[in-house]
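Residue strings, one per chain:
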Amino acid sequence: MTDTLDRPELTARLSDQFDALAELVAGLDELQWRTPSPLPGWTVFDVLSHVIGIESLLLGDRPPARDPQAPEVDVKTLPHVRNEIGALNEIWVQRLRPRAGAELLGLYREVIDRRRAALAAMDDTAWSAPSPSPIGEVPYARFMRVRLFDCWMHELDIADALGKRVDEGGPRAELAFAEFAQSLPRVVAKRGKAPAGSLITLALTGPLARTLHIEVGDRARYVDTPAIQPTVTLELDSGLLVRLGGGRVDADSALDRITFHGDADLGRQVVRNLAFTI
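Residues numbered from 1 in each chain as written. Predicted model: local features only at pLDDT ≥ 70, side-chain atom pairs only at ≥ 80, totals over all residues. Heavy atoms only, no water.

K.L.:
Teacher, can you tell me more about the overall build of the protein here?
P.N.:
Scanning the protein from N- to C-terminus turns up twelve helices and seven strands. Out of the 278 residues belonging to the protein, those deemed buried represent 48%. Across the protein, the 32 positively charged side chains and the 40 negatively charged ones have centroids separated by 3 Å. (Helix = DSSP H or I, 4+ residues; strand = E, 2+ residues; numbered from the N terminus. Buried < 20%, exposed > 50% of the residue type's maximum accessible area, 1.4 Å probe, protein only. Lys, Arg positive; Asp, Glu negative; His and termini not counted. Charge placed at Lys NZ, Arg CZ, Asp CG, Glu CD.)

Encoded structure:
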């Protein structure tokens, strides 16, 4: 599993990811922009607004002023807003929603150009300095890998909404998946309640094919060479695993796309409790 936080590599892949999002939405008409996404309450337009909001905040920008013609919404009352981070995200989405799609894409490109310049101007000290992030205080480098994962997931969200196919493998996906996979042992043990002494194996097919062994003991961890046979092996496509972890796919609707070897009841229990992203 690729786990690098190397600054040139990570910033290059993040820049590539920014480009991939712009290319995916370029040329959409207004109806396509307003297509519902896999994220509750958000359209394709809203997903890109969210990316603009986060990258703008990292530049020190404040949300745009509310359009006086738009209805005022208490974002904390919306059913898909579950915490303070979600409320902050929603403010940007609500404030940008009255704009046209082409205008939003123009704003996205302007913000991303500024973010690229800011990243290029960073030195190694700033790159490794502690920074607040959605996963707590971590080095800025790790936060940028979180950003890559978030933007990569939103590329999948937009593609799924529009019925488009995108390349789900390659260097960007490898780094994004490394961030995603870091949480899986904890999720399998705590949310999935895999018992101590068990070994959960994820045999992934598709663009990010690999085999991951999660050993559950005092804490759950990856092991390269397990000492025991898997308690259960889940064979599934890498894209499906990511969408389950992101809460984009209902677990019960996906069970027929997963092959279980061993304790299938435990396997289904794990699958039904994989969603963990904000």
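K.L.:
In this structure, what is going on with the packing of helix H7 (residues 140-162) against helix H8 (residues 171-182)? I would like to understand it.
P.N.:
For any two helices packed against each other, one specifies the crossing angle of their axes together with the interaxial distance. Following both chains from N to C, one finds H7 and H8 inclined at 110°, their axes separated by 8 Å at the closest point. One way to sum up the angle between H7 and H8 is to call them roughly perpendicular. Contact with H7, carried on its side by Arg-142, Arg-145, Val-146, Leu-148, Phe-149, Trp-152 and Glu-155, involves Arg-172, Ala-173, Leu-175, Ala-176, Ala-178, Glu-179, Phe-180 and Gln-182 of H8 and no other residues of that element. Class assignment for the residues of the contact of H7 with H8 results in nine nonpolar, one polar and five charged. (Axes fitted to C-alpha atoms, helices over the stretch in contact; angles between N-to-C directions. Parallel < 35°, antiparallel > 145°, perpendicular 65-115°, else oblique. Contact = heavy atoms within 4.5 Å. Nonpolar A, V, L, I, M, F, W, Y, C, P; charged D, E, K, R; others polar.)

K.L.:
What should I look at first to understand the pattern of salt bridges in this one?
P.N.:
Pairs can form between side chains of opposite charge once their charged atoms are near each other. What the rule picks out here adds up to 23 salt bridges. Arg-34 is the salt-bridge partner of Glu-30, the closest N and O atoms lying 3.8 Å from each other. Assessed through its relative accessible area of 38%, Glu-30 is described here as partly exposed. A salt bridge links Asp-160 to Arg-243, with the shortest nitrogen-to-oxygen separation between them at 2.8 Å. Taken together, the positions of Asp-160 in helix H7 and Arg-243 in helix H10 (residues 238-245) put the pair 83 residues apart, joining distant regions of the chain. (Salt bridge = Lys/Arg side-chain N within 4 Å of Asp/Glu carboxyl O.)

K.L.:
I tried to follow unusual backbone geometry on my own but got confused; where do I start?
P.N.:
Leave glycine aside and you will find that most residues have negative phi; peptide bonds, for their part, are mostly trans. Of note, the phi angle at Lys-193 is positive, near 55°, even though the residue is not glycine. Considering the arrangement of structural elements, one finds Lys-193 in the loop between helix H9 (184-191) and strand E3 (199-205).

K.L.:
How should the environment of Glu-155 be read in this particular structure?
P.N.:
Its place among the elements puts Glu-155 in helix H7. Judged by relative accessible area, which is 4%, Glu-155 ranks as buried. Sequence separation of Glu-155 and Ala-264 is 109 residues, and the distance between their C-alpha atoms is 32 Å. When neighbours within four sequence positions are excluded, Glu-155 is seen to be in contact with Gln-17, Ala-20, Leu-21, Leu-24, Val-166 and Arg-172.

K.L.:
What should I look at first to understand the environment of Lys-190 in this one?
P.N.:
Assignment of secondary structure puts Lys-190 in helix H9. Residue classification places Lys-190 among the exposed residues on the basis of a relative accessible area of 63%.

K.L.:
Explanation requested: the sheet that holds strand E4 (residues 210-216) in the structure shown.
P.N.:
Across a sheet, paired strands are connected by hydrogen bonds in the backbone, their directions being either parallel or antiparallel. Here we have five strands laid out as an open sheet, ordered E5-E4-E3-E6-E7, and mixed in their pairing. Each edge of the open sheet carries a strand with a single partner, namely strand E5 (220-222) and strand E7 (259-262). Within the sheet, the average angular offset between the axes of one strand and its neighbour, ignoring direction, is 20°. (Pairing = 2+ DSSP bridges.)

K.L.:
Looking at this model, I keep getting lost on helix H12 (residues 264-271). Mind explaining?
P.N.:
Each turn of an α-helix holds 3.6 residues, which means side chains three or four residues apart point in the same direction. For H12, the full list of buried residues reads Leu-266, Gly-267, Val-270 and Val-271. Down the axis of H12, the buried side of the element spans an arc of 140°, and every buried residue falls inside it. Lining the buried residues of H12 we find H9, E3, strand E6 (232-237), H10, helix H11 (251-254) and E7. For H12, the N-terminal cap is Asp-263; the gap from its side-chain oxygen to the backbone nitrogen of Asp-265 is 3.3 Å. (Arc of directions from axis to C-beta. Polar contact = N/O pair within 3.5 Å; in protein donor to acceptor, adjacent residues only side chain to side chain.)

K.L.:
I tried to follow the side chain of Ser-49 on my own but got confused; where do I start?
P.N.:
Along the chain, the position of Ser-49 falls in helix H3 (residues 44-58). A residue is classified by how much of its surface remains accessible, and Ser-49, at 0% relative accessible area, is buried. Contact partners of Ser-49, with chain neighbours within four places excluded, come to Trp-92, Val-93, Leu-96 and Leu-104.

K.L.:
I'm lost on H9 in this one. Help?
P.N.:
Residues of H9 that are buried include every one of Leu-184, Pro-185, Val-187 and Val-188, and no others. Each element contacted by the buried residues of H9 is listed here: H8, E3, E4, E5, H10 and H12. Lys-193 sits one or two positions beyond H9 and adopts a positive phi of about 55°.

Keep in mind that these numbers describe shape and distance, not what the molecule does.
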